[in-house]
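Residue strings, one per chain:
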Amino acid sequence: MMTTGTAQSPLPAGLSGRPVVYELRGVSKTYKRRNVHALEKIDLRLTEGSFWGIIGSSGCGKSTLLKIMSGLLSPSEGSVVLSGKPVTGPRRDIGMMFQQPTLFPWRTSIENVVLPIEIRDGKEAARAKHDAGRALLELVGLKGFEQVYPNELSGGMAQRVAICRMLITEPTVLLLDEPFSALDELSRDFMDMELQRICKELNATAFLVTHSIPEAVILSDVVSVMSPRPGRIGATVTIDLPRPRTLDMMTEPRFGALVREIRGLLDKGAFL
Amino acid sequence: MTNELTAAAKPVAPQTVWTEEVHWLDRIPRSVAMLLLLCIFIAVWQAVYSLRLISHIIMPSPMETVVDIITVATNLLTGDYMLRALWITTQEVLAGFVIAVVLGFSLGLLVGETAFGERAVLPYLVGINAAPKVAFAPLFVSWLGFGIASKVALAAFVAIFPVIVGTAAGIHAADQNSRMLFRTMGATRWQALIKLKLPYGMPHFFGGLKNAAVLVVVGAVVGEFLGGGKGFGELIRMAASMINTPRVFALILFLSLLGLGTFWIVIQLQRKLIFWHKETVADEMFE
């Protein structure tokens, strides 16, 4: 376990060997018109294949951070670089997922999955990607559901289709905005394990924002705590549980200790 | 162990099969219920007639009305002057509806999709909508004459507002996450409109169309009342001026069928286009 104070060197031990994929340096955001200081000097370095979890209360500036990271908002200050290229707008090497599956009810599963291709490269290209889409649906355990409309899917199944849609463009980094918090507890645990398996299989680099400390701990290599007004990344905890993680680990003393440590950090910082 | 327990418990377990209570009125099938209500209505009507509560000159008996319905139906089926009048009104209704849909959709897009439309155009539309629209009828007659054009104009004018409102509301129906997702996918404004906002807006749009389908008949008939011509409205006006009340009832009945017809067309279109949307009570009526 290693805890750094404020994130001056936000790359904890164990990850330093791998190449940096996504880097934020001194990112601040002020909404001038409303005079809101949303983010203050955010530094982040995501290494290839790593999983970074962020814990923050509502209104800690995490939506602003995700919007900046996904190229929807420009920072007021600082630099955002993905794979060596500055992020100055939406990019296909960024995959994003929300709390809601956000599937379109007039499209079948497979049509929802290839939507990002259709938007960027047209209908022809989307049709050519149907095989890749089917393979992804199989990867998340939805073989045979290609032609099914979203209203016939359960919440967990719909989120799995959303995962496939995020993965179809083969993104370098996955931005996950509380992806499973609308699911019931049982589905959520299951989906966390699915997500871990998919990330391992694709060697994906992931950035997860969540309200759930156990979820962050079971999934992440590193968990940071975000505090509000202005949003900043506080303490960072390395999760030294072995991989692959299992749900059984949640009952181990080490897991409990990590959860307790992160909760302690939150109590100090987040609700002041 | 557990097996033994359940086996032992079995003989003493009391039967708890019971019937949930449903009111006998709720058990009646729809067709029977509808017929029942109609019978009650006719019985009350007949009672009012027999007791002479209202003068027979202005209140015909149910039987007289049925006879006249048959007369009108015969006239329509043999292609006599009433069919020609109904055809004129039908043309007015259809032309007015098409104009209301095309213009209303365009204006709805302008108001819903562009900031300029919302800021500059919408206040005027709200203002005009608040005005009693049929009061414009004499104006349409003086501009377009006593022919079919002035009725089409009034029908379209009355029916256009629900279409505008439905379209504009529909464009705003897509949720924040969907919009954000489209932006992260690098969608152009056009793509977001075609692939996101318009499909999501379809239920609202069709809600507007259903209102318009009913209003357009109102507009056409009021146009005929106030601007003459040779349509069904003129037949009603003439029958009423001769105090031929059974004829008025019969004509109104067939006019309602015209409104029901346009409504039915909209419902059929809606089912084809937005199969993914939950059906409403009004849709079920046509199943």
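Quick note: structure is the one above.
In this text the structure is predicted, and so the values were computed from the model without any measurement. (Residues numbered from 1 in each chain as written. Chains lettered and ligands numbered in written order. Predicted model: local features only at pLDDT ≥ 70, side-chain atom pairs only at ≥ 80, totals over all residues. Heavy atoms only, no water.)

1. Re the overall build of chain B
Consideration 1: If you tally the helices and strands in chain B, you get 13 helices and zero strands.
Consideration 2: What you see in chain B, going N to C, is helices and strands ordered as α-α-α-α-α-α-α-α-α-α-α-α-α.
Consideration 3: In terms of overall size, chain B is more extended than a compact globule, its C-alpha atoms giving a radius of gyration of 27 Å where 287 residues would be expected to give roughly 19 Å.
Consideration 4: Each principal axis of the C-alpha distribution contributes one length, and for chain B these read about 90 × 65 × 35 Å.
Consideration 5: Burial statistics for chain B: of 287 residues in total, 40% are counted as buried.
Consideration 6: Partitioning the contacts of chain B with sequence separation of at least 6, the portion at a separation of at least 24 is 69%.
Consideration 7: Total accessible area on chain B stands at roughly 16,900 Å², and carbon and sulfur atoms take up 72% of it. (Helix = DSSP H or I, 4+ residues; strand = E, 2+ residues; numbered from the N terminus. Rg over C-alpha atoms; globule rule 2.2 N^0.38 Å. Buried < 20%, exposed > 50% of the residue type's maximum accessible area, 1.4 Å probe, protein only. Contact = heavy atoms within 4.5 Å. Areas by Shrake-Rupley, 256 points an atom, 1.4 Å probe, with all protein chains shown as cover.)

2. Comments concerning the sheet that holds strand β2 (residues 20-31) of chain A
All names here are of chain A.
Consideration 1: Judged by pairing direction, the sheet is antiparallel, and its four strands sit side by side in the order β3-β2-β5-β6 without closing on themselves. For this open sheet the edge positions go to β3 (36-47) and β6 (85-86), each flanked by a neighbour on one side alone.
Consideration 2: One ladder, built from eight bridges, connects β2 with β3; its direction is antiparallel. Considered in β3, the bridge of Lys29 is made with Leu39.
Consideration 3: Strand contacts of helix α1 (residues 62-69): β2, β3 and β5 (77-82), with the helix running at about 125° to β2, the strand carrying the most contacts. (Pairing = 2+ DSSP bridges. Axes fitted to C-alpha atoms, helices over the stretch in contact; angles between N-to-C directions.)

3. Some words on the interface of chain A and chain B
Consideration 1: Opposite the 23 residues of chain A that make contact, chain B presents 18 residues.
Consideration 2: Interface area, chain A with chain B, both sides summed: about 1,900 Å², of which 71% is carbon and sulfur.
Consideration 3: Residue Glu118(A) is joined to Lys195(B) by a salt bridge in which the shortest nitrogen-to-oxygen separation is 2.6 Å.
Consideration 4: Joining chain A to chain B, the criterion identifies five residue pairs in polar contact (both at pLDDT 80 or more).
Consideration 5: Considering each element in turn, the side of chain A that touches chain B owes the most residues, five residues, to helix α3 (residues 115-121) of chain A.
Consideration 6: Classifying every residue of the side of chain A that touches chain B gives 12 nonpolar, four polar and seven charged. (Buried area = accessible area lost by both parts, 1.4 Å probe. Salt bridge = Lys/Arg side-chain N within 4 Å of Asp/Glu carboxyl O. Polar contact = N/O pair within 3.5 Å; in protein donor to acceptor, adjacent residues only side chain to side chain. Nonpolar A, V, L, I, M, F, W, Y, C, P; charged D, E, K, R; others polar.)

4. Comments concerning the side chain of Ser150(B)
Residue and element names in this part refer to chain B.
Consideration 1: For Ser150, the position within the fold is in helix α8 (residues 148-171).
Consideration 2: Looking at Ser150, its side chain comes within polar contact range of the main-chain oxygen of Gly145, at 2.9 Å.
Consideration 3: Other than its neighbours up to four places away in sequence, Ser150 contacts Phe140, Val141, Leu144 and Gly145.

5. Re the packing of aromatic side chains
Consideration 1: Here the structure, examined in full by the defined rule, presents 14 aromatic pairs over all chains.
Consideration 2: Seen from their ring centres, Phe140(B) and Trp143(B) are 6.0 Å apart, and the 75° between their planes marks the pair as edge-to-face. Placement of both Phe140(B) and Trp143(B) in helix α7 (residues 137-144) is noted, with a separation of three residues, approximately one turn of the helix.
Consideration 3: When its relative accessible area of 12% is taken as the criterion, Phe140(B) is described as buried.
Consideration 4: Taking 5.7 Å as the distance between ring centres and 80° as the angle between the ring planes, the aromatic pair formed by Phe205(B) and Phe206(B) counts as edge-to-face.
Consideration 5: When its relative accessible area of 2% is taken as the criterion, Phe206(B) is described as buried.
Consideration 6: By the ring-pair criterion, three or more aromatic residues cluster together here, those being Phe104(A), Trp106(A), Phe182(B), Tyr200(B) and Trp276(B).
Consideration 7: In this structure, Lys133(B) packs its charged tip against the face of Phe161(B), placed 5.0 Å from the ring centre. (Phe/Tyr/Trp six-rings, centres within 6.5 Å; stacked < 30°, edge-to-face > 60°. Lys NZ or Arg CZ within 6 Å of the ring centre and 35° of its normal.)

6. Section: the nonpolar core
Consideration 1: In terms of nonpolar packing, the biggest core is built from 90 residues, with Tyr22(A), Leu24(A), Ile42(A), Phe207(A) and Phe232(B) touching the most fellow members.
Consideration 2: If one sorts the elements of this core by residue count, helix α10 (residues 189-227) of chain B sits on top with 14 residues.
Consideration 3: When sequence neighbours within four positions are dropped, the list of residues in contact with Leu24(A) reads Ile42(A), Asp43(A), Leu44(A), Leu65(A), Met69(A), Ser79(A) and Val80(A).
Consideration 4: Of all hydrophobic cores here, the second largest spans 55 residues; its members include Leu142(A), Leu219(A), Ala235(A) and Leu241(A). (Core = buried A, V, L, I, M, F, W, Y, C linked by side-chain atoms within 4.5 Å.)

7. Side note on the pairing of β2(A)
Moving residue by residue along a regular strand, the side chains alternate between the two faces of the sheet.
All names here are of chain A.
Consideration 1: Here β2 folds back onto β3 in antiparallel fashion, the turn holding four residues, of which Asn35 has a positive phi close to 55°.
Consideration 2: The pairing of β2 with β5 spans five bridges and is classified as antiparallel. Counted as the bridge partner of Glu23 is Val81 from β5.

8. Some remarks on the pairing of strand β10 (residues 222-227) of chain A
Residue and element names in this part refer to chain A.
Consideration 1: Counting buried positions over the six residues of β10 gives six, a clear majority of the element.
Consideration 2: What you see with β10 is no split at all: Val222, Ser224 and Met226 on one side and Val223, Val225 and Ser227 on the other are buried throughout.
Consideration 3: Across five bridges, the pairing between strand β4 (residues 51-56) and β10 is parallel. Considered in β10, the bridge of Gly53 is made with Val223.

9. A closer look at the environment of Phe206(B)
Residues and elements named next belong to chain B.
Consideration 1: If you trace the backbone, Phe206 turns up in helix α10.
Consideration 2: Along the backbone, Phe206 and Ile40 are 166 residues apart, and their C-alpha atoms lie at a distance of 35 Å.
Consideration 3: Excluding anything up to four places from it in sequence, Phe206 contacts Val266, Leu269, Gln270, Leu273 and Ile274.

10. Focus: the pattern of salt bridges
Residues and elements named next belong to chain A.
Consideration 1: Taken as a whole, this structure holds 21 salt bridges over all chains when the rule is applied.
Consideration 2: The shortest N-O distance in the salt bridge between Glu77 and Lys41 comes to 3.4 Å. Of this pair, Glu77 sits in strand β5 while Lys41 sits in strand β3; the two residues are 36 residues apart in sequence, bridging distant segments of the chain.
Consideration 3: Relative accessible area serves as the criterion here: at 45%, Glu77 is assigned to the partly exposed category.
Consideration 4: Its salt-bridge partner being Lys62, residue Glu178 comes within 2.8 Å of it at the nearest N-O pair. Placement of the pair is Glu178 in the loop between β8 (173-177) and α7 (185-202) and Lys62 in helix α1, with a sequence separation of 116 residues.
Consideration 5: Look at Glu178 and you get buried, because its relative accessible area is 6%.
Consideration 6: What makes Lys62 buried here is its relative accessible area of 10%.
Consideration 7: What you see here is one network of salt bridges that share partners, running through Glu23, Arg25 and Arg45.

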